Amino acid sequence: MNLYLYLDKDTPIHRMDPRAKLFVLLFSFALPLLNQHPLWVAGAFAVILAYGAAARSLENLRRIRQILFFIFIFSTLVWTFFAKGTDVLIWRVSRQSILYGIGTGLKLDAMIIAGMVFLSTTKNEEISQGLILLGLPYPMAFAFSTALRLVPTFVGAGATIAQAQRSRGLDIDSGSFIERVRKYIPLLVPIFLTAIRSSDGLAMALEGKGFGASTKRTFYLRFKWTARETVVVGLFLALVVANTYLTLTGRTLIRGLMK
Amino acid sequence: MNAVEVQGLSFAYKGSEREAISGVDLAISPGEFVVLMGPSGAGKSTFCLTLNGLIPNFKKGKYSGEVRVFGVPTKKHKVSDLARDIVLVFQDFETQIFSTNVELEVAFGPENFGVDPDEIGRRIHATLKRVRLDGFEARQPATLSGGQKQRLAIASALSIQPRIICMDEPTTDLDPIGKFDVFQVADELSREKNMTMLIVEHETEEALKADRIVLMRDGRIVAEGNARAILASPALLEECSVKPLEVAEFFASLGPGASLDGGELPLTVEEGLSAWERLGLAADRRRLDSLVSEKTRQQQAGYGDPVIEVRNLVHRYENGLEALRGVDLTIRRGEFVAVLGQNGSGKTTLVKHFNGLLAPTGGEVVVNARDTRATSMFELSKTVGYVFQNPDHQIFAQTVFDEVAYGPRLFGVPEGEVKARVVDALEAVGLTGSEEEDPFSLTKGQRQRVAVASVLAAKPEVIILDEPTTGLDYKEQESMMDLIKRLNEMGHTIIIVTHSMWVTAAYAHRAVVLKEGQVVMDGPVRDVFVREKELADVFLKPPQIVRFGARLGLPVLTVDELVACVGREEGARK
C-alpha cells in the first residue's frame, strides 16, 4: 500500500524552487479564507484547481475524495443551522446561512486541496530544504519533514494492526459507545508500541549515517529562484492583494449575514 | 592497525541485570569478511551496536571494556562522527529508509558530512551501480522489493565511503535470491574494495563466502575460525542454534569411519558429489520410493473435503495495482500448504482472502461452502485463524492469559470454557505455566507462540501463518514448525506463507508458487522442488540437500530421507 501523496512528474511546478511552492501554499490558504460569499470562494477554489491541474496532481483527489465530501457536507449542514441571516426560510435556516455554509465547506475543501497539491509536487527533502532556505534551522526543518514522512508509516502500521485484531474476531463497528471505546485498546497498545520502536530505529539509523556530524551540511538537490518563480509567486500575491482590497471594501461578503 | 579491536567488552542494558554481552574479545583486520552467528539472545545485535558507538552513547547501560575502530575508542566519540569509518545496516529496512526516492536516500549520508553536491552525484551513480540498482534513481523506496530495499540500505551506507560496514541480519525478510544478492554484493565489496564486512546471519550457505565465522552464545564468543572449518563442524553449529549445511550434515551422519578417508567434510553440492563418487556410495532407489509413498499415504490419510475453494480470483488494489490475476486453488481439510514466491508476488494478498480481510474484486472465494463476500469477517474468523508475521502487531494484554483468552471471549465462549481453551492452547505451544506473565517480557520466539496460541484458542479449522519462522533462530524455527506440524496432525488445515525453503521441504505437504499474482506451480513439495530451473525464474532456490539429491537423481527433501535410502543396514537385511 502506497500512502505517499508525492507524484513524481516533470512539470514546471514540480521543478520550482521549494520556497516558491511554500509561498504558493501560503497564498492559496489565504485566498479562500479571505472570502465569505460562496461564489468568491468558488473563484479561489478554481484558482487552486487550475494550479493543481498545471502540476498534473489532481489525480490524488481520488484518494481524498471521501474526506472532501464528508467535510463539505458536514460544515455546510452545521453552518446552515448555526449561522444567522435576515431572510429566514424555515426555523434557523436562512438564505444567508445556507450561502455561508456552502462557502465554509468550499473553503475547507479548497485549503485541503491546496495542501494536497503541495504534497503532490514537493518531495519531503524539498520541504525541509525550502524551510531551511527561509531561515529555519536544519534540525527543526528535518523534524518537520520527518513528521510528515512518518504519518503514512504509522497509518500503514495501524492498518496492519487493525487487520490482525479483526482476524481474531474484533468487530469495532458494533456495541454501545463505551463498548466501542474499549474495543480500541487492542489497537492502540500495539500502535503505540510500534511507533516507539520505529522511532527508536529511525533515530539510530539517522545517527548511524552521520546526522549532525558536520555543522556545514550540503544538499544534493539544488534550486534556483528564476523568473518563473517570481512570476508564479507574484501572480498569487497579486490575487491575494486584490482579494484583500475587495474584502475590505465589503464586496466578497454575504449581505444580511448576522454574526 | 586492526579495523576493529574489541577487548573485554561487557554490556548490560539499563534496567536489566543480565549482561547482553560479557567479556568479548575480537580483532578484525582491514578487508576481512566476518560472519557472526548464534542463537537468539546471544548478544549479536548488541555487539553490532557497540561497534559504531550506539552503545553506550545512544543506548545506555553498564559498559566495560573497550571497542576501537581503526584505533579510535568508540565510547568517547559521537556516533555520527564514527559513521565516517563504520556504518550499520539494520534488519528492519522500513525504519532505516526514510527518503522520498532512491537517490536522495543514498545522498543523505554524504550530505551530513558536507560533501560537495557534484561529488554526491558521482557517489550516487557509483554506489547504485555497485548494488545493481542503477536506473532506480527516481523510484520511491516503498515500491521496491524487499531485496532491492536492503540493497538500497547498503548503497546508502556505501555512499559515505566508510571502511567498515556491519549488517545485522540483512537477509531475514528476503527471498532466496534476494539473500544471495546481498551476500554477493558484500563479497564483492570485501574483495574488490578491501572493505571490512561484518554480517550477522543465520543462513549457512551464504556464510560460506566469508573469510571467518564467529559463533556467539549467551553473550560470549564460543568459537571462531576459518569459515570452512566452522561450517565443517555440524555439531558445534547445532549447539549454537545454527542450521548446519545439509550436505555436511549428511556426510557427517555417515559416521567417522564410513566417511571421508581423511578428506575434508564436503560443504557444497559439488564437493558432495565428488565425495559421493570417491566413497563409492550408492542409493537404494526402491527404498526411497517406498519411503516416499508411505509418507504420502500418511499425509493424505488425513485429507477431507475441500475447505477453501478459490475460483478465478482477481484482486485489484485501490491504486490500480493488480495483485492477483486469476488464481484457482482448492485446499482440502487436513492439508499442509506452503505458499511461496518472491517478495511482492501476491502471497499475502492471496491468503488474506481466506478469512475475509480482503474481498475479491473478481472471481470468488468459498470457505466451508460459504462465499466470503456474503459472510461477515466475524463469522469467517471462527473458521479461519490468521497469525500475522509480527506478533507485536497484535499483542496488547497485560498477561499471557488475557491475550490468549481475547479471541474466545469475543466469540462469546463461556468463561469456564475459555479457561480450558487457554490451558489447551498454551499447552499446545509449549507455554504451560506462563499464564500470568507479561507477554512483552517474553522473547520474540515466545511472543510468536503466544500469537499462535491466541489464534488456536478460538479453535479455527484452518490456521494461516504468515512467515512463522522469520526472526527466529534454527532451534526456535524447528520447535515452531514442530508445533505447527502437531496442529496439522490434530486435524487443523495449515497454510503458511514463507520464504524458508528448508521449512517447506521438511514440513509442508504441498507447495503453491506464485509469480506476479498467478499460480505458476502447484503440487506436492517433492514434485515442485525438483523443478529447479522454473523455481529460479521466480527467485526461489530449493534447499541444498534437494539440489544435491537432484544431481544424484534422488528426489529427496531432507537429510534424513537421503540417509535412509543410502541405507547402510541394507546389507544386513538381505
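Residues numbered from 1 in each chain as written. Chains lettered and ligands numbered in written order. Predicted model: local features only at pLDDT ≥ 70, side-chain atom pairs only at ≥ 80, totals over all residues. Heavy atoms only, no water.

As a further point, take the overall build of chain B. Scanning chain B from terminus to terminus reveals 26 helices and 20 strands. Over its C-alpha trace chain B gives a radius of gyration of 25 Å, about what one expects of a compact globule, namely 25 Å for 574 residues. In terms of its C-alpha atoms, chain B occupies a principal-axis envelope of roughly 65 × 60 × 50 Å. Residue burial in chain B is summarised as follows: out of 574 residues, 60% are buried. Considering only intrachain contacts with a sequence separation of at least 6, the fraction spanning at least 24 residues in chain B is 68%. The positive charge centre, built from 66 side chains, and the negative charge centre, built from 83, are 1 Å apart in chain B. (Helix = DSSP H or I, 4+ residues; strand = E, 2+ residues; numbered from the N terminus. Rg over C-alpha atoms; globule rule 2.2 N^0.38 Å. Buried < 20%, exposed > 50% of the residue type's maximum accessible area, 1.4 Å probe, protein only. Contact = heavy atoms within 4.5 Å. Lys, Arg positive; Asp, Glu negative; His and termini not counted. Charge placed at Lys NZ, Arg CZ, Asp CG, Glu CD.)

What follows concerns the confidence of the model for chain B. Should pLDDT be low for a region, the predicted coordinates there are not to be read in detail. For chain B, per-residue confidence averages 91 on the pLDDT scale, and residues scoring 70 or more make up 97% of the total. Scored below 50 in pLDDT, residues 569-574 of chain B shows four contacts in the model against residues more than four places distant or in partner chains. (pLDDT = per-residue confidence, 0-100.)

Bringing the interface of chain A and chain B into the picture now. Between chain A and chain B, the residue contacts involve 52 residues of the former and 66 residues of the latter. The contact between chain A and chain B buries some 5,200 Å² in all, and 56% of this surface belongs to carbon and sulfur atoms. Per-residue buried area on chain A facing chain B is highest for Arg168(A), Lys209(A) and Tyr220(A); these three make up 19% of the total on that side. Between Arg217(A) and Glu111(B) there is a salt bridge, with its nearest N and O atoms 3.1 Å apart. For the interface between chain A and chain B, the tally reads 25 residue pairs in polar contact (both at pLDDT 80 or more). When contributions to the side of chain A that touches chain B are tallied by element, the ones reaching two or more residues are α5 (124-133), α6 (138-167) and α8 (185-208) of chain A. It is α8(A) that provides the largest number of residues to the side of chain A that touches chain B, a total of 17 residues. (Buried area = accessible area lost by both parts, 1.4 Å probe. Salt bridge = Lys/Arg side-chain N within 4 Å of Asp/Glu carboxyl O. Polar contact = N/O pair within 3.5 Å; in protein donor to acceptor, adjacent residues only side chain to side chain.)

Another point: the sheet that holds strand β9 (residues 212-217) of chain B. All names here are of chain B. Taken together, six strands build an open sheet; the order of strands is β6-β7-β8-β3-β9-β10 and the sheet is mixed. Each of the sheet's edge strands pairs with one partner strand only, and the pair in question is β6 (86-89) and β10 (220-226). Sheet twist, expressed as the mean angle between neighbouring strand axes with direction ignored, is 15 degrees. For β9 and β10, the ladder comprises six bridges, and the chain directions are antiparallel. The partner of Arg 217 across the bridge, within β10, is Arg 220. (Pairing = 2+ DSSP bridges. Axes fitted to C-alpha atoms, helices over the stretch in contact; angles between N-to-C directions.)

This part covers unusual backbone geometry. A negative phi angle characterises most non-glycine residues, just as the trans form characterises most peptide bonds. Residues and elements named next belong to chain B. Cis geometry marks the peptide bond from Ile 55 to Pro 56, where omega comes out at 5 degrees. With respect to the helices and strands, Pro 56 occurs in helix α2 (residues 54-57). The backbone of Phe 70 sits at a positive phi, close to 45 degrees, despite the residue not being glycine. Here Phe 70 lies in the loop between β4 (61-69) and β5 (72-73). Under the relative-accessibility criterion, Phe 70 is labelled buried at 13%. The phi angle at Asn 368 is positive, at roughly 50 degrees, despite the residue not being glycine. As for its placement among the helices and strands, Asn 368 is situated in the loop between β14 (362-367) and β15 (370-371). Note on Asn 368: relative accessible area 24%, which makes it partly exposed.

Right, let's talk about the layout of surface pockets for a bit. For the second largest pocket, the calculated volume is near 1,000 Å³. Among the elements of the structure, α12 (246-253), α14 (285-301), α20 (474-489), α21 (501-507), β20 (518-524), α22 (525-529) and α25 (559-566) of chain B are those that each provide at least two residues to the lining of the second largest pocket. (1 Å grid on protein atoms, 1.4 Å probe; cavity = no way out; pocket = protein on both sides within 12 Å on 5 of 7 lines; lining within 4 Å. Points joined across faces, edges and corners; volume = space filled by probe spheres on them.)

The geometry of a pair of packed helices is captured by two quantities: the angle between their axes and the separation between those axes. Residues and elements named next belong to chain B. Two elements in contact, α12 and α25, have axes separated by 10 Å at closest approach and are oriented at 35 degrees. Read as a crossing pair, α12 and α25 show a hand that is right-handed. Across the interface between the two elements, Glu 246, Glu 249, Phe 250 and Ser 253 of α12 pack against Val 559, Leu 562, Val 563 and Val 566 of α25. When its residues are assigned to classes, the contact of α12 with α25 shows five nonpolar, one polar and two charged. (Left-handed = near helix turned anticlockwise from the far one by under 90°. Nonpolar A, V, L, I, M, F, W, Y, C, P; charged D, E, K, R; others polar.)

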